[in-house]
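Report on the structure
Below are the chains, spelled out letter by letter.
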Amino acid sequence: MQSYDLVIRGGTVVTAADTVRADVGITGGRIVAVGENLSPGTNEVSADGLLVMPGGIDSHVHLAQPAFGGPAMADGFETGTRSAIAGGNTTVIPFALQPRGASLRASVVDYHKESDGKSYCDYGFHLIISDPTSTVLGQELPSLVGDGYTSFKVFMTYEDLVLSDRQILDVLDCARSCGALVMIHCEGYDAIRFMTEKLELASKKAPYYHAVSRPESVEREATHRAISHAELTDVPIMIVHVSGREAMEQLRWAQQKGLKVYGETCPQYVALTADDLKGLNMDESGGKYVCSPPPRDKTSWDAIWEGIRSGVFQTFSSDHCPFFYEGEMGKLNPKARTSFKWVPNGIPGVETRLQILFSKGVVEGRITLNEFVALTSTNHAKMYGLYPKKGSIAPGFDADIVLWDPNRKETIRQELLHHGADYTPYEGMEVTGWPVMTFLRGKKVMENGEILGSPGDGTFLARDLSPYAAPVDRTNH
Ligand code: DUC
Ligand code: ZN
Ligand code: ZN
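Keep in mind the model is a prediction, meaning the values are calculated, not measured. Every chain is numbered independently, its residues counted from 1 as its sequence is written. Chain letters start at A and ligand numbers start at 1, both assigned in the order the entries are written. With pLDDT at 70 or above as the cut-off, local features in this predicted model cover only qualifying residues; side-chain atom pairs require 80 or more to be listed or tallied, and sums for whole chains, interfaces and linings still use all residues. Where side-chain values are given, they derive from all heavy atoms of the structure, hydrogens and water being excluded.

**Looking at the overall build of the chain**
- Numbering of helices and strands starts at the N terminus; helices are DSSP runs of H or I of at least 4 residues and strands are runs of E of at least 2. Assigned secondary structure in the chain consists of twelve helices and 19 strands.
- Our radius of gyration is a C-alpha quantity, and the globule rule it is checked against amounts to 2.2 Å times the number of residues to the power 0.38. The C-alpha atoms of the chain give 21 Å as radius of gyration, which agrees with the globular expectation for 477 residues (23 Å, within 12%).
- In terms of overall dimensions, the chain has a C-alpha envelope of 75 × 55 × 40 Å along the principal axes.
- Here's how the labels work: a residue is buried when its accessible area is under 20% of the maximum for its type, exposed when over 50%, partly exposed in between, all with a 1.4 Å probe on protein chains only. Counting every position in the chain, which comprises 477 residues, the buried fraction comes to 62%.
- Surface exposure here means Shrake-Rupley accessible area, sampled with a 1.4 Å probe, where a residue is shielded only by the protein chains that are shown. Within the structure as shown, the chain displays about 17,300 Å² of accessible surface, and the carbon and sulfur contribution to it stands at 48%.
- Here the positive residues are Lys and Arg and the negative ones are Asp and Glu; neither His nor the chain ends is included. Lysine's charge is taken at NZ, arginine's at CZ, aspartate's at CG and glutamate's at CD. Side chains of the chain give 45 positive and 59 negative charges; the mean places of these two sets differ by 2 Å.

**Observations regarding the domain arrangement of the chain**
- An automatic or database domain assignment supplies the start and end points of every domain. Per the domain assignment, the segments of the chain are domain 1 (4-54 + 392-450) and domain 2 (57-363).
- Between domain 1 and domain 2, the C-alpha centre-to-centre distance is 28 Å.
- Contact between two residues is taken to exist if any of their heavy atoms lie within 4.5 Å; hydrogens are not considered. Contact residues are listed per partner, giving 31 residues for domain 1 and 40 residues for domain 2.
- When two parts are put together, the accessible area they lose, computed with a 1.4 Å probe and summed over both, is reported as buried area. Between domain 1 and domain 2, roughly 2,700 Å² of surface is buried when both sides are summed, and carbon and sulfur atoms account for 65% of that area.
- On the domain 1 side of the contact with domain 2, His418, Tyr423 and Tyr426 bury the most area, a combined 26% of that side's loss.
- Any Lys or Arg side-chain nitrogen found within 4 Å of a carboxyl oxygen on Asp or Glu counts as a salt bridge. Put simply, domain 1 and domain 2 have one salt bridge between them.
- Measuring nitrogen to oxygen at the nearest pair gives 2.6 Å for the salt bridge that ties arginine 441 to aspartate 122.
- Here a polar contact is taken to be a pair of N or O atoms separated by no more than 3.5 Å, where protein atoms must pair a possible hydrogen donor with a possible acceptor and residues adjacent in sequence count only if both atoms sit in side chains. At the junction of domain 1 and domain 2, the tally comes to ten residue pairs in polar contact (both at pLDDT 80 or more).
- Elements with a contribution of two residues or more to the side of domain 1 that touches domain 2: β16 (401-411), β17 (430-440) and β18 (443-447).
- Take the side of domain 1 that touches domain 2: its biggest share by element is nine residues, from β17.
- Only Asp, Glu, Lys and Arg are considered charged in this grouping, and only Ala, Val, Leu, Ile, Met, Phe, Trp, Tyr, Cys and Pro are considered nonpolar; every other residue, Gly among them, is considered polar. Classifying every residue of the side of domain 1 that touches domain 2 by side-chain character gives 20 nonpolar, six polar and five charged.

**Quick notes on the packing of aromatic side chains**
- Stacked, edge-to-face and tilted labels apply to pairs of Phe, Tyr and Trp rings (six-membered ring for Trp) whose centres lie within 6.5 Å, assigned for plane angles under 30 degrees, over 60, and everything in between, in that order. Using the criterion set out here, one finds 17 aromatic pairs in the structure.
- Lysine NZ or arginine CZ positioned within 6 Å of the ring centre and within 35 degrees of the ring normal marks a charge as sitting over the ring. Directly above the ring of phenylalanine 95 sits lysine 153, whose terminal nitrogen or CZ lies 5.5 Å from the centroid.

**Side note on the nonpolar core**
- Counting residues in hydrophobic clusters, the biggest one holds 77 residues, and the most contacted among them are Leu127, Leu141, Phe152, Ile237, Ile239 and Phe372.
- When residues of this core are assigned to their parent elements, the largest contribution, six residues, is made by helix α4 (residues 165-178).
- When residues of this core are sorted by domain, at least three fall in each of domain 1 (4-54 + 392-450) and domain 2 (57-363).
- Membership of the second largest hydrophobic core comes to 25 residues, among which are Ala206, Tyr208, Ala271 and Tyr325. What we call a nonpolar core is a set of buried Ala, Val, Leu, Ile, Met, Phe, Trp, Tyr and Cys residues that are connected through their side-chain atoms within 4.5 Å.

**Some details on the site of ligand 1**
- A single heavy atom is enough: if one lies within 4 Å of a molecule or strand, its residue is considered near that molecule or strand. Around ligand 1, the surrounding shell consists of His60, His62, Lys153, Tyr158, His185, His241, Ser292, Asp319, Cys321 and Asn345.
- In this structure, histidine 60 approaches ligand 1 through a side-chain N or O atom, which is 2.9 Å from an oxygen atom.
- A distance of 2.6 Å separates an oxygen atom of ligand 1 from a polar side-chain atom of lysine 153.
- Relative to its free-state accessible area of 230 Å², ligand 1 is covered by the protein chains to the extent of 95%.
- Looking at the shell around ligand 1 residue by residue, the classes come out as two nonpolar, six polar and two charged.

**Observations regarding the coordination of the zinc ion (ligand 3)**
- At this site the zinc ion (ligand 3) is bound by His60 (NE2), His62 (NE2) and Asp319 (OD), with donor distances of 1.9 to 2.0 Å.
- Residue classification places histidine 62 among the buried residues on the basis of a relative accessible area of 4%. Metal donors were taken as nitrogen, oxygen and sulfur atoms no farther than 2.8 Å from the ion, or 3.2 Å where the ion is Na, K or Ca. Water is excluded, so coordination may look unfinished.

Quick look at the structure:
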């Protein structure tokens, strides 16, 4: 008789493909059996009345990222990944950022120092390229891709990060030869600067004007430009954090043309609006919601759901980018009170991503359970070279599992959360569906909000090349 270290018994196993009543047998940190009436395990967990799903994979989080003189992030690896497992996640992919003038390899080495021994869940690194010198493109990137850093992010805005069109083309060309997947932040730098100067001259400096300074047209134009560059170089791209109809329709247009343009969206684009940035009365409390691209309006939520349901978006990520609200280092720091342009961009969300999508998506009937799993776990694993190790429940996969109570009603509150930030932008939001247990490679690391794991449980994941990064036409270049 087969014996197991652990059997998760009597739950409803949900994968991107199937929903079945089954037991899950785990040995040596991996799933070895999914079936009916499995023989007893050394340990047994009842999943009666619960969903048994692959642990969330959040392929877009920012932890311990350099601040360029602005406020430091509210989460390093310890608090950020603690928050991740409390929210039912088992893998995150944050960004190793290359400051201009620095070696990319050295930036990766430094980032490992931030994460080694501190992570509660497994993790890989994307690379943020801010300075694509010939050494970076010719030597560092090919060798880093070979070492398992198989995706890059580039920015079309931000003083310290923006790349010119020529530089983006060079990075895409490099990605093509290395087989890496390029994520692109699509907002136009010059348009944002133009708008920011106009608004400041008109004394429109409250956090709300952050949203006015970067309207949907600015995102749409940059999205179209990124797509055109990808078409020219014949390189698949992932457009991240798509906020509304204008950019979504660019992705759909590109996909209908047969281009490999993938899409990601995030909770803030179906749960927040630009009006949240107005605060109570155009006051600084609107700073709590400042992120980029900014949340739009409720009709944009419909466009995002249209994109989710029709397959324009493959991944639903948090874009967890946490800052404190209060204090000298917070969103409300003295400099940030002088203009929206100094309010740090980003909001926390790694712990509330699954609940928001489950509640608004599955419970409100917009997506199926299987689509939920695809959008929160399986597609992230497939897109970023972690499949078939992560992202499903079947023999051979790591036993990264969340037990989910589909009926639990909860009000999102800061006091329930485990991140380092001092607020959640989703305070007061009522949701149905909540994670009750998280297992990382077979180890129970969270139960009912209590953290049972330790920093150091998580290991670094050298990722395979993404099969989705293969060019459309391999002969053309
Ligand atoms: N882009 C991100 O991906 N996250 C936070 C801020 C930003 O501009
Ligand atoms: Zn971005
Ligand atoms: Zn981000």
